[in-house]
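Coordinate analysis (summary)
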Amino acid sequence: MSKLIDRFGRHIDYLRLSLTDRCDLRCSYCMPKGFRDFEEPEHWLTFDELERLIGIFARIGVGRVRITGGEPLLRRNLPELAGRLSALPGLRDLSLSTNATQLDRHADALKQAGISRINVSLDSLKAERFAKICGRDSYSKVMSGLLAAKSAGFAPIKINMVAMKGENDDEIDNMVEFCHEHGFILRLIEAMPMGDTGRNTQYLDLQPIADRLKHKYGLIEHSTPLGAGPARYLGSADGQFNVGFITPISQHFCATCNRVRLSVDGTLYMCLGQEERYEFRPLLRGGARDAEIEAAIRDAIELKPERHEFREQPLKLVRFMSMTGG
Ligand code: SF4
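Here we summarise the structure given alongside this text. In this text, all values refer to a predicted model and were calculated from it rather than measured experimentally.

Taken together, Arg10, Phe253, Cys254, Cys257, Arg259, Arg261, Cys271, Leu272, Lys304, Arg307 and His308 form the complete shell of residues around the ligand. The residue makeup of the shell around the ligand, split by class, is five nonpolar, one polar and five charged.

All chains considered together, the criterion is met by zero disulfides. Of the cysteine sulfurs around Cys179, a residue in no disulfide, the closest is that of Cys134, at 15 Å. Judged by its relative accessible area of 1%, Cys179 is buried.

On to the packing of aromatic side chains, then. Taken as a whole and judged by the stated rule, the model has seven aromatic pairs. Ring centres of Phe178 and Phe184 lie 5.9 Å apart, and the angle between their planes is 55°; this geometry places the pair in the tilted category. Taking relative accessible area as the criterion, Phe184 reaches 6% and is therefore assigned buried. Members of the aromatic cluster, each reached through a chain of ring pairs, are Phe35, Phe38 and Phe320. Sitting over the ring of Phe154, Lys111 keeps its end group 5.7 Å from the ring centre.

It is at 12 Å that the axes of helix α6 (residues 172-182) and helix α8 (residues 207-217) come closest, and there the two elements cross at 55°. Judged by the angle between their axes, α6 and α8 are oblique. In this structure, α6 crosses over α8, and the sense of that crossing is right-handed. Of the residues in α8, those in contact with Ile172, Asp173, Val176 and Glu177 of α6 are Ile209, Arg212, Leu213, Lys216 and Tyr217. Its residues placed into classes, the contact of α6 with α8 shows five nonpolar, no polar and four charged.

So, on to unusual backbone geometry. At the junction of Gly69 and Gly70, the peptide bond is cis and its omega measures out at 5° in the coordinates. Backbone torsion omega between Ala155 and Pro156 reads -5°, so that peptide bond is classified as cis. With respect to the element layout, Pro156 can be found in the loop between α5 (139-152) and β5 (157-163). For Asn77, which is not glycine, the phi torsion reads 60° and is therefore positive. Relative to the helices and strands, Asn77 resides in the loop between β2 (64-68) and α2 (78-86).

Attention now moves to helix α10 (residues 290-301). Across its 12 residues, α10 extends 17 Å between first and last C-alpha, which sits within 8% of the 16 Å expected from 1.5 Å per residue. Taken residue by residue, α10 has Ile293, Glu294, Ala296, Ile297, Ala300 and Ile301 as its buried positions. Down the axis of α10, the buried side of the element spans an arc of 160°, and every buried residue falls inside it. Its buried side turned inward, α10 meets α1 (47-59), β10 (259-262), β11 (267-269), β12 (277-279) and α9 (281-285).

We now examine the sheet that holds strand β9 (residues 242-246). Spatial ordering of the open sheet is given by β7-β8-β9-β6-β5-β4-β3-β2-β1-β10-β11-β12, a layout of 12 strands whose pairing is mixed. A single partner strand is all that each edge strand has here, and the edge strands are β7 (220-221) and β12. As paired elements, β7 and strand β8 (residues 232-235) share two bridges and run antiparallel to each other. Within the sheet, the bridge partner assigned to Glu221 lies in β8 and is Leu234. The strands touched by α1 are β1 (14-18), β2, β10 and β11; relative to β1, the strand with the most contacts, the crossing angle is about 165°.

Viewed as axis vectors pointing N to C, α1 and α10 meet at an angle of 65°, and their least axial separation amounts to 10 Å. Classified by the interaxial angle, the pair formed by α1 and α10 is roughly perpendicular. Pair α1 / α10 crosses with right-handed handedness. Residues Arg52, Leu53, Ile56, Phe57 and Arg59 of α1 form the contact with α10, whose participating residues are Asp290, Ile293, Glu294 and Ile297. For the contact of α1 with α10, the class distribution of residues is five nonpolar, no polar and four charged.

Another point: the pairing of β10. Side chains Arg259 and Arg261 of β10 all project onto a buried face; the interleaved residues Val260 and Leu262 project onto the opposite face, where all are buried too. Relative to β10, β1 is paired through four bridges, and the arrangement is parallel. In the sheet register, Leu17 faces β10, and the bridge partner there is Leu262. Where β10 meets β11, two bridges bridge the pair, whose relative direction is antiparallel. Note that in β11 the partner of Leu262 across the bridge is Leu268. Adjacent in sequence and paired antiparallel, β10 and β11 are bridged by four residues, among which Gly266 carries a positive phi angle near 85°.

Reading guide: rules and limits
- Residues numbered from 1 in each chain as written.
- Predicted model: local features only at pLDDT ≥ 70, side-chain atom pairs only at ≥ 80, totals over all residues.
- Heavy atoms only, no water.
- Near = heavy atom within 4 Å.
- Nonpolar A, V, L, I, M, F, W, Y, C, P; charged D, E, K, R; others polar.
- Disulfide = S-S within 2.5 Å.
- Buried < 20%, exposed > 50% of the residue type's maximum accessible area, 1.4 Å probe, protein only.
- Phe/Tyr/Trp six-rings, centres within 6.5 Å; stacked < 30°, edge-to-face > 60°.
- Lys NZ or Arg CZ within 6 Å of the ring centre and 35° of its normal.
- Axes fitted to C-alpha atoms, helices over the stretch in contact; angles between N-to-C directions.
- Helix = DSSP H or I, 4+ residues; strand = E, 2+ residues; numbered from the N terminus.
- Parallel < 35°, antiparallel > 145°, perpendicular 65-115°, else oblique.
- Left-handed = near helix turned anticlockwise from the far one by under 90°.
- Contact = heavy atoms within 4.5 Å.
- Expected span 1.5 Å × (residues − 1).
- Arc of directions from axis to C-beta.
- Pairing = 2+ DSSP bridges.

Right, dumping it as structure tokens:
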């Protein structure tokens, strides 16, 4: 079975799967406060449709799947779906990105269902500032979710912090030490102009931050990535202490892009920063055979753009992060 290779010679083996566009938080750089225009539940792909479609992707080499949202733990019976996906032939890595507000109730079941790794969004270690950035007073729920994930045995647990100038950049060192103390891997992320919320976020160039942390903690560049995604890592010589940097603006990583995104309604987005897409729900509900769906996936990958244009066209994207799950 031939691999999925796009027009730029990139091997696409990683799918980010958004199970809902809804979330219980309203992070300032993502979903606008008061937003109500969510996808209709009857348009959500069902677990049967997801199992079938992801099964076809896995058979043609897309062996890494990350479950995202909105907030994926708001989708009922997620452990059941995770169990069905992790049993699919060819699916070798199933992971989850969550805001952890619901994690303390689901951590054990998700681990038993076959989810191996978890990324948790955490932008501040101050409860008040957390509430200001995330629009909800959920700091303690996130902390108990993180501890539940740790005791459930997830490893690694990665912390995603969107670094914002004048908002939380004064906490970067504390977050580095918090993660080191708990054995979490911190990833600092540059804000992206996704929708007005993304555009109105105080962008912070992470290159000088990386240089400063490198000198402060005596870190070295990692030669091998610590995951399927675009993060560039600095680490201690003994490998015990790592910090990741996701820098789509200051140093993009599109040349080695390996991923596409499936939204809750079955729309495949070829690039986070572009609008090229392909609708799979009509095929799944219109009686298409597996071979036709596989052919459609190959056609869709032909649409994949070379890169984002966040710098050149910052006003281009209307949709915000939670619609495709980052
Ligand atoms: S912006 Fe698009 S091309 Fe670049 S890494 Fe992200 S998904 Fe890939």
